[in-house]
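Descriptive structure summary
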Amino acid sequence: MEKPSASGRAALEESKGLVEDVGVLRGAEGGEVDHQTARKSSSSRSSRKSFRLDYRLEEDVTKSCQDKHGRWTNPWPTWRFPSYTTLLRFLLWDKNHSNIPSNKELLDSELPVMEPYFVQSPDLSESGPGLRVTWLGHATVLVEMDGLNILTDPIFSQRASMFQFLGPKRYRGPPCTVEQLPRIDAVVISHSHYDHLDAGSVASLNQRFGGELRWFVPLGLMDWLTKMGCENVMELDWWEENCVPGHDDVTFVCTPAQHWSKRTALDDNKSLWGSWCVLGPDHRFFFAGDTGYCSSFQEIGRRYGPFDLAAIPIGAYNPRDMMQGQHVDPEEAVQIHQDIQAKQSVAIHWGTFALAYEYYLEPPARLRAALEQKGLKPESFFTLHHGESRLIASQQGDVFD
């Protein structure tokens, strides 16, 4: 559980908006795209210093774009936002096949929550050779590589909501608290939805690490982070780069994803969404965030691949007419794994919140079948228990329990 003081401040800050749910998806569909629209953000640019992509290389990548109303859009033909008819059918008539057990003992057997290695043995939490990944539930992973500890889309709260008394609730709790984490040097945020940008977790991380923690966010989210008290925020457009002070040899690149953004009734697509590449001298890591399938993953692979490890979502994909544009299914996740030239991938965005209607254990089963169909080894795209770690790029491929 988060510290009450941090959660209280977070709830107060979030009370300025409205709870996001499927009933307020209006306006998220991209309108007419105007590529000449100035890419302006409400955030102050005085503290945003980034390295733009070399102009000579821009023509072979997909650049971010806004419509005539200044809302960010998805520029791919694969993007499709659900129609009102589809949304109504999803809310009223589509059958929910998730069938999550209410029996805790059964859940503990099927989806155990393990105590992370850094809680069991804090003295082992210093980054060593290789790349180590720990799944902390949903899209939250701790990646230790090249001297940095990196956290993705942190959510340690019980609900993905503005309030902790309504909204999607975890059926598998977080394996640790913010206070139990090792040193965190950087956090990357993919977009503004509540299950990926959690106010309570942001407040707790900022309370613990303060200005020593660098936040990397897509365009439009700096103001929100600074209002939460975060000082060290880097806001980037697609293909822009930056680094953690004192670690110039590790580059963070904001890269495209196919999704959308919303936290209140009126801010549809006012902030950008994206994936992240972390490029170190010894290892490369890719975080897909939350995404539907699009051609830009091939661009990412050509420009920055191969990756030693990728974190790719595999869940919240049914029914397809509702979810296809915004959430990949396991087969598309394997395609992303291949597009970005990942040596190994870890499955995320499943087994934590009930956000869609597929059977709760279906994503890893379909992942294994998709790998077999592509002739790929099961260990090339693996799942972890909540709290479990794996050491990548070591001869033994150790798993830390």
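Here goes a summary of the coordinates provided. (Residues numbered from 1 in each chain as written. Predicted model: local features only at pLDDT ≥ 70, side-chain atom pairs only at ≥ 80, totals over all residues. Heavy atoms only, no water.)

A pair of packed helices is captured by two measures, namely the crossing angle of their axes and the spacing between those axes. Contact pair helix H9 (residues 330–339) / helix H10 (residues 362–373): the axes reach a minimum separation of 8 Å and the direction vectors enclose 50°. Between H9 and H10, the angle is such that the two are oblique. The crossing of H9 and H10 is right-handed. Between H9 and H10, the contacting residues are Pro330, Glu331 and Val334 on the first element and Pro363, Arg366, Leu367, Ala370 and Leu371 on the second. (Axes fitted to C-alpha atoms, helices over the stretch in contact; angles between N-to-C directions. Helix = DSSP H or I, 4+ residues; strand = E, 2+ residues; numbered from the N terminus. Parallel < 35°, antiparallel > 145°, perpendicular 65-115°, else oblique. Left-handed = near helix turned anticlockwise from the far one by under 90°. Contact = heavy atoms within 4.5 Å.)

Further remarks concern the pattern of salt bridges. According to the stated counting rule, one finds 14 salt bridges in the structure shown. When the shortest N-O distance is used, the salt bridge between Arg132 and Glu144 registers 3.2 Å. With Arg132 in strand S4 (residues 131–135) and Glu144 in strand S5 (residues 141–145), this pair connects stretches of sequence that are 12 residues apart. The residues Arg132 and Glu144 share a single accessibility class, namely buried. The structure contains a network of salt bridges with shared partners spanning Arg320, Asp329, Glu331, Glu332, Glu362 and Arg366. (Salt bridge = Lys/Arg side-chain N within 4 Å of Asp/Glu carboxyl O. Buried < 20%, exposed > 50% of the residue type's maximum accessible area, 1.4 Å probe, protein only.)

By secondary structure assignment, the location of Val188 is in strand S7 (residues 186–188). Residue class for Val188 comes out buried when judged on its relative accessible area of 1%. The spacing of Val188 and Thr140 is 48 residues in sequence and 9.9 Å in space, taken between C-alpha atoms. Beyond its immediate stretch of four places on either side in the chain, Val188 contacts Leu151, Thr152, Asp153, Phe216, Phe252, Trp276 and Phe287.

Membership of the largest hydrophobic core comes to 68 residues, with the highest contact counts inside it found for Val133, Phe216, Phe252, Phe285, Phe286, Ile340 and Phe381. Within the second largest apolar cluster, 29 residues are counted, among which are Leu136, Phe156, Met222 and Cys230. (Core = buried A, V, L, I, M, F, W, Y, C linked by side-chain atoms within 4.5 Å.)

Before going further, it helps to examine the packing of aromatic side chains. For the coordinates displayed, the defined rule picks out 14 aromatic pairs. Between Tyr359 and Tyr360, the aromatic rings sit 5.1 Å apart at their centres with planes inclined by 80°, giving edge-to-face as the arrangement. The partly exposed category is assigned to Tyr359, whose relative accessible area is 35%. Classification of Tyr360 by relative accessible area gives buried; the value is 6%. (Phe/Tyr/Trp six-rings, centres within 6.5 Å; stacked < 30°, edge-to-face > 60°.)

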